[in-house]
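Given next are the chains, with one letter for each unit.
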Amino acid sequence: MQIDTEKLEAYYADAPEDIALSDIDLARIPRHVSIIMDGNGRWAQARGLDRSEGHVAGVDSLREAVTTSVRLGLDVLSVYAFSTENWKRPQHEVDLLMHLFATTLIHELPLFHQENVRLRFLGDIEALPEETRKVFQQGLDETADHDGMVFALAVNYGARAEIVRAAKHLIQEVEDGNLEPEEIDDERFSQELYTAGLPDPDLLIRTSGEMRLSNYLLWQLAYTEFYVTDTYWPDFSRWDFLRAIRSFQGRNRRFGGVAKA
Ligand code: FPP
């Protein structure tokens, strides 16, 4: 994506001591950054607040992450908002999250229009409560013509279920005579995933210090660089985003080959 350097420099003025925009090579910005937004509950508990306050505070971080990604010229920002396992949380927390997803999306639609962001969902959104499903559909419809950054929200997403779903569909295609088994390769398989058409993430950020994938994008993360920070999601700022990219740019990505001389 095109970078508006003037806007980017203004956005990254007032740098803290340890990181600045000049630490970043703008010619080597990752195309796709994915984030496991973790630590909302602990952020709230550390302040004597209800866990729900952590999720509400997390919305501000997410808005900043979207703006940051647009300013940095990413092609795709994807975030893990709700897993297929998250239904096991207390009912009131699940209800709050579903309501928060709907209200936030409506509230942020003007930002998506202003920044030309196209919305996409990863996961089984048909199974969501009606209010959330309707708003998600509205978001898809209203941003369908945008050709800027893709913002992919993983909701009711689980990577194993995604892979099983893909396998079943391919089997069906073979049974229906539309596909030969020999035609199934990595690329064809990728087309059956929720991320069809998107590049694989170059960088995965996980907040709150956990070193787990939690059933997230298992197929797509095959060659992705990981960056884990102890910062809880509601405290994750544009500067933390820059720190993650600086770390990414210091890596030597070999994709299973050998280092370039
Ligand atoms: C992880 O923290 C966070 C979630 C499961 C929900 C993510 C939701 C948001 C960031 C709110 C805004 C999102 C949208 C799409 C509007 P946790 O509850 O697992 O925290 P813990 O590990 O400290 O308990």
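Residues numbered from 1 in each chain as written. Predicted model: local features only at pLDDT ≥ 70, side-chain atom pairs only at ≥ 80, totals over all residues. Heavy atoms only, no water.

**Quick word on the layout of surface pockets**
A volume near 680 Å³ is recorded for the largest pocket. What lines the largest pocket is a set of 34 residues, and nearest its centre among them are Met37, Asn40, Tyr80, Ala81 and Phe82. Secondary structure elements with two or more residues in the lining of the largest pocket: helix 2 (40-46), helix 3 (51-71), strand 2 (76-83), helix 4 (91-114) and strand 4 (150-157). Counting residues per element, the lining of the largest pocket draws most heavily on helix 4, at 8 residues. Here the residues of the lining of the largest pocket are counted per class, giving 17 nonpolar, 9 polar and 8 charged. In this structure, the second largest pocket occupies an estimated 200 Å³ of space. (1 Å grid on protein atoms, 1.4 Å probe; cavity = no way out; pocket = protein on both sides within 12 Å on 5 of 7 lines; lining within 4 Å. Points joined across faces, edges and corners; volume = space filled by probe spheres on them. Helix = DSSP H or I, 4+ residues; strand = E, 2+ residues; numbered from the N terminus. Nonpolar A, V, L, I, M, F, W, Y, C, P; charged D, E, K, R; others polar.)

**Details of the pattern of salt bridges**
The full count for this structure, using the stated rule, is 19 salt bridges. With its nearest N and O atoms 3.3 Å apart, the salt bridge here joins Arg246 to Asp23. With Arg246 in helix 8 (residues 238-249) and Asp23 in the loop between helix 1 (5-11) and strand 1 (32-36), this residue pair connects regions lying 223 residues apart in the sequence. Classification of Asp23 by relative accessible area gives partly exposed; the value is 35%. Across the salt bridge formed by Arg51 and Glu93, the nearest N and O atoms sit 3.0 Å from each other. (Salt bridge = Lys/Arg side-chain N within 4 Å of Asp/Glu carboxyl O. Buried < 20%, exposed > 50% of the residue type's maximum accessible area, 1.4 Å probe, protein only.)

**Topic: the packing of aromatic side chains**
The full count for this structure, using the stated rule, is 14 aromatic pairs. Summarising the aromatic geometry, the rings of Phe112 and Phe151 are spaced 5.8 Å apart at their centres and angled 50 degrees between planes, so their arrangement reads as tilted. Taken together, the residues span a long stretch of sequence, with Phe112 in helix 4 and Phe151 in strand 4 at a distance of 39 residues. According to the relative accessible area criterion, Phe151 is buried, its value standing at 3%. Relative to Tyr194, the ring of Tyr157 lies with its centre 6.2 Å away and its plane at 65 degrees, an arrangement referred to as edge-to-face. Separated by 37 residues along the polypeptide, Tyr157 in strand 4 and Tyr194 in the loop between helix 7 (186-190) and strand 5 (203-206) bring together distant segments of the chain. We note that Tyr157, like Tyr194, is buried. When the ring centre of Tyr11 is taken as reference, the NZ or CZ atom of Arg238 above it lies at 3.9 Å. (Phe/Tyr/Trp six-rings, centres within 6.5 Å; stacked < 30°, edge-to-face > 60°. Lys NZ or Arg CZ within 6 Å of the ring centre and 35° of its normal.)

**Points about the nonpolar core**
Counting 51 residues, the largest nonpolar core has Tyr12, Ile35, Leu77, Phe136, Phe151 and Phe241 as the members making the most contacts within it. Counting residues per element, this core draws most heavily on helix 4, which supplies 9 residues. Discounting residues that sit within four places of it in the chain, Ile35 has contacts with Ala65, Leu77, Ser78, Val79, Tyr80, Leu204, Ile205, Tyr216, Trp233 and Phe241. Formed by 12 residues, the second largest nonpolar core is a distinct cluster that contains Leu122, Ala154, Ala159 and Leu217. (Core = buried A, V, L, I, M, F, W, Y, C linked by side-chain atoms within 4.5 Å. Contact = heavy atoms within 4.5 Å.)

**Structural notes on the packing of helix 3 against helix 4**
The geometry of helix 3 relative to helix 4 is characterised by a closest axis approach of 11 Å and an angle of 25 degrees between their N-to-C directions. With respect to helix 4, the element helix 3 is oriented roughly parallel. With respect to the hand of their crossing, helix 3 and helix 4 are arranged in right-handed fashion. Of the residues in helix 4, those in contact with Arg51, Ser52, His55, Val56, Val59, Arg63, Val66 and Thr67 of helix 3 are Glu93, Leu96, Leu97, Leu100, Thr104, Glu108, Leu111 and Phe112. Split by residue class, the contact of helix 3 with helix 4 holds 8 nonpolar, 4 polar and 4 charged. (Axes fitted to C-alpha atoms, helices over the stretch in contact; angles between N-to-C directions. Parallel < 35°, antiparallel > 145°, perpendicular 65-115°, else oblique. Left-handed = near helix turned anticlockwise from the far one by under 90°.)

**Observations regarding helix 4**
Spanning 24 residues, helix 4 covers 35 Å between terminal C-alpha atoms, matching the ideal 34 Å at 1.5 Å per step. The sharpest bend along helix 4 reaches about 40 degrees and sits at Glu108, with the proline Pro110 one to four residues further on. Positive phi appears at Asn116, one or two residues downstream of helix 4, with a value of about 60 degrees. (Expected span 1.5 Å × (residues − 1). Bend = angle between axes of the 7 residues up to and from the residue.)

**Describing the site of the ligand**
In the vicinity of the ligand lie 17 residues, with Asp38, Gly41, Arg42, Arg51 and Arg89 positioned nearest. At a separation of 3.2 Å, an oxygen atom of the ligand approaches a polar backbone atom of Asn40. Relative to its unbound accessible surface of 620 Å², the ligand loses 92% to contact with the protein. Applying the majority rule of atoms within 2 Å of the grid points places the ligand in the largest pocket. Breaking the shell around the ligand down by element, the ones donating at least two residues are helix 2, helix 3 and helix 4. By residue class, the composition of the shell around the ligand is 8 nonpolar, 5 polar and 4 charged. (Near = heavy atom within 4 Å. Polar contact = N/O pair within 3.5 Å; in protein donor to acceptor, adjacent residues only side chain to side chain. Areas by Shrake-Rupley, 256 points an atom, 1.4 Å probe, with all protein chains shown as cover. Sits in = over half its atoms within 2 Å of the grid points.)

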